[in-house]
Each structure stands twice: as structure tokens, then as C-alpha cells.
Amino acid sequence: MKTVVVSVLSCSSCTDIERRTKNDLEAIGSIVSIQPKEALSKLDSMGGIPDASKKLRAEYSLLYSIALDKNFIDICSDSIITPAIRFYSRLDEKDKPKCLYYYSRIFENNGDYESAMKWLVKAEDILKQESDAEICQLIYAAKGRIYYKMLDYTEAAANYHKAAGHCLSEASYGRYLSNRLREADCLLMCNQAESAEIILSDLENAGVREFSEKTSRLFYQLKVRLSEELYPDRTYDILQEYLTEHPAPLYIDWLMTARVYISCNKADKALEALRKHSMYHHKDEAYHFLSGKANEMTGNYHE
């Protein structure tokens with residue numbers, strides 16, 4: 001009789017622990033996107049839950065991977081997410097696309113873009129009509145980002161466009177703006193300036209003042225590049241508008257600034273822009289090319 005009682009109490013205790021763990025993970029999952037630091041701290045305090053069920057261990061490993069990513073901590077090993085991959089790969093669970101997305105991030109962080117794309121495509125293939133708009137946006141934005149790194153700007157633009165559409169579904173206007181601007185960037189890269197202009201005009205009409213600092217900075221940079229392509233006589237004035245709106249020197253695109261000054265025959269200003277670039281960034285091929293052009297204009301062939 002004692003054995004039976006002890007067994008019942010033991011099972012009851014295990015059930016209570018499982019229930020508390022499940023509740024804890026649900027609570028952390030509800031804040032991971034808005035309070036990622038706190039979410040990561042709470043997950044660390046749980047200690048990996050080695051004695052929990054496979055399902056809870058899978059949820060924990062996926063949530064931990066999400067928390068690291070949200071805290072801008074690049075994961076380069078699959079050791080953390082492996083329990084989730086093993087669990088969700090056998091089941092048609094709603095979190096499977098999310099799991100595959102965060103698995104793809106490991107390959108992206110390692111620079112293995114082909115493998116990252118393979119897992120993103122798998123995630124895309126199993127998206128359902130009722131799939132969460134956030135994970136849809138993440139998958140398409142990641143595809144856009146990786147296609148961009150692979151220099152396939154047409155595919156990058158198409159995927160950023162899809163990502164933007166899902167941002168509207170989840171009422172995330174900031175992400176919508178970011179994806180639309182990245183789409184415009186891709187269109188400029190594949191010589192579709194007119195299509196990029198339509199996007200920038202639509203966003204400008206929606207109100208530049210509503211942009212975040214980072215989004216506004218990208219908007220003005222694209223506006224300058226667009227002007228170089230379509231309206232070169234306006235480019236200098238648009239550049240001045242950009243520099244006035246975003247004067248923080250660390251974040252100014254000094255190479256673009258120098259390029260515009262060279263096209264306007266303002267070699268001294270171009271050299272000053274290049275000097276400032278060298279204060280914050282590495283002197284790459286673009287820097288040396290522009291420096292040579294500016295010095296040639298002034299008759300000074302030494303950088």
C-alpha cells in the first residue's frame with residue numbers, strides 16, 4: 001500500500017513540475033519579442049530542463065534560440081536547437097516553420113548561404129494559411145537578405161516584397177517600412193530605378209517623420225542614389241538634405257557623399273568626406289577608387 005501511495009505522489013509531483021515548466025515557457029514566449037533580455041535571463045535560470053518531456057525540451061531549445069537571436073547573439077552551432085529539430089521534424093506542428101527558420105540562421109551566421117536558403121525554402125513549403133504573420137515575415141525577409149548577399153537582387157526584391165505584405169498582416173509598420181526600403185534598394189541594384197522611385201514616393205507620402213532614425217537614414221540614402229540615376233541635377237541638394245537630417249558622422253555614408261561631390265566637381269568636399277570615412281571605416285576598394293578620382297581632379301595624385 002505504501003508503494004502505491006508513493007508512486008501516486010511521485011507521478012503527481014512530476015505532473016506539477018511539467019505543468020509549471022509549461023506555464024513558465026508560455027510566459028517567457030509571450031515576452032521574448034518585446035523583452036528579449038529578460039526572456040533570456042529567465043531561460044538561463046531554468047537550467048535547460050533536462051528532466052522534462054521531449055516536447056517541453058523542444059519548446060525550451062527553440063525559445064532559447066529565439067531569445068539569443070533577439071539579443072543579437074549569433075548562434076553558430078546547432079547544439080542548442082537540436083532537441084527542437086529532432087522533435088519538430090517528425091511532427092506536423094505549427095512551430096515547425098519557426099524551428100526551421102532559426103535553424104537556417106545558424107548556417108547564415110556561418111556564411112553558408114546555400115544551406116541557409118535550403119532550410120528557409122523547407123520552412124516556406126510548410127507554411128499554412130493560418131501560419132503566424134511574424135514567422136512568414138521573418139522567413140521572406142531572411143530569403144531577401146540571403147539572396148542580396150548572393151547578389152541575386154531580383155529574387156531579393158521579390159522576397160522583401162512578400163515580407164512587407166506579411167508585416168501589414170501583423171500591423172508591424174516599422175518592419176513594413178524596412179522591408180519596402182530594402183526592396184527599393186534591390187531594385188536600384190538591378191537597374192529598376194523607376195520601380196524603386198514608386199516605392200520611395202509612396203513611403204514619402206505616408207510621412208517621413210514617422211520613420212525611425214535608422215529607417216529614415218536608409219530612406220535618404222536611397223533617395224540620393226535614386227537621384228543619381230534619374231535626376232542628377234537634383235542630387236547635390238538631396239545630399240545636403242540627407243546630411244542635414246542625419247548629421248551623426250558615424251552613420252553617414254561618406255563614400256556615397258564623396259561620390260556625389262565628385263560628380264558635382266567638388267573635389268575638396270569629396271576628399272573631406274573620404275577623410276571622415278577613414279575615421280570610422282576600413283579603406284576598401286571603393287575608398288581608394290574615389291580617392292584617386294578626387295585627387296586627380298585637384299592635381300594631387302597622393303592620397
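Keep in mind it's a predicted model, so treat the numbers as computed, not measured. (Residues numbered from 1 in each chain as written. Predicted model: local features only at pLDDT ≥ 70, side-chain atom pairs only at ≥ 80, totals over all residues. Heavy atoms only, no water.)

A. Inspection of the environment of Val-32 at higher detail. Looking at where Val-32 falls in the secondary structure, it is placed in the loop between α1 (2–31) and α2 (36–46). Apart from residues lying up to four places away in sequence, Val-32 is in contact with Ala-39, Leu-63, Ile-66, Ala-67 and Lys-70. (Helix = DSSP H or I, 4+ residues; strand = E, 2+ residues; numbered from the N terminus. Contact = heavy atoms within 4.5 Å.)

B. Quick peek at the nonpolar core. Counting residues in each nonpolar core, the largest one holds 92 residues, and the members touching the most others are Leu-25, Leu-43, Leu-62, Ile-81, Tyr-101 and Tyr-242. Sequence-distant contacts of Tyr-242, defined by excluding residues within four places in its chain, comprise Arg-217, Tyr-220, Gln-221, Val-224, Tyr-251, Ile-252, Asp-253, Met-256 and Thr-257. (Core = buried A, V, L, I, M, F, W, Y, C linked by side-chain atoms within 4.5 Å. Buried < 20%, exposed > 50% of the residue type's maximum accessible area, 1.4 Å probe, protein only.)

C. Main features of the packing of aromatic side chains. Tallied over the full model, the rule gives nine aromatic pairs. Here the aromatic rings of Tyr-173 and Tyr-176 are separated by 6.0 Å at their centres, their planes lie at 20 degrees, and the arrangement is stacked. Remark: Tyr-176 and Tyr-173 occur in helix α9 (residues 173–189); sequence separation between them is three residues, near one turn of the helix. Accessibility expressed as a relative area gives 17% for Tyr-176, which makes it buried. Ring plane angle 80 degrees and centroid distance 5.5 Å describe the contact between Phe-219 and Tyr-220, whose orientation is recorded as edge-to-face. For the pair formed by Phe-219 and Tyr-220, the shared burial category is buried. Of the aromatic side chains, those joined through ring pairs into one cluster are Tyr-103, Phe-107 and Trp-119. It is Lys-122 that lies over the ring of Trp-119; its NZ or CZ is 5.6 Å from the centre. (Phe/Tyr/Trp six-rings, centres within 6.5 Å; stacked < 30°, edge-to-face > 60°. Lys NZ or Arg CZ within 6 Å of the ring centre and 35° of its normal.)

D. Representation of the pattern of salt bridges within the structure. Taken as a whole, this structure holds 17 salt bridges when the rule is applied. Residue Lys-143 pairs with Glu-124 through a salt bridge whose shortest N-O separation is 2.7 Å. Here Lys-143 is found in helix α7 (residues 133–149), whereas its partner Glu-124 is found in helix α6 (residues 113–125), with 19 residues between them in sequence. Residue Lys-143 is classed as buried on the basis of its relative accessible area, which comes to 7%. When its relative accessible area of 17% is taken as the criterion, Glu-124 is described as buried. For the salt bridge of Arg-259 with Glu-228, the shortest nitrogen-to-oxygen distance reads 2.7 Å. Here Arg-259 is found in helix α13 (residues 254–263), whereas its partner Glu-228 is found in helix α11 (residues 213–230), with 31 residues between them in sequence. Accessibility expressed as a relative area gives 25% for Glu-228, which makes it partly exposed. Each of Asp-69, Arg-105, Glu-108, Arg-145 and Lys-149 takes part in a single network of salt bridges with overlapping partners. (Salt bridge = Lys/Arg side-chain N within 4 Å of Asp/Glu carboxyl O.)

E. Inspection of the confidence of the model for the protein chain at higher detail. The predicted model of the protein chain has a mean per-residue pLDDT of 89, with 91% of residues at 70 or higher. Taking the mean pLDDT of every element in the protein chain, the minimum, 68, falls on α1 and the maximum, 97, on α13. Per-residue pLDDT stays below 50 along residues 1–11; that stretch engages in zero contacts with residues further than four places along the chain or on separate chains. (pLDDT = per-residue confidence, 0-100.)

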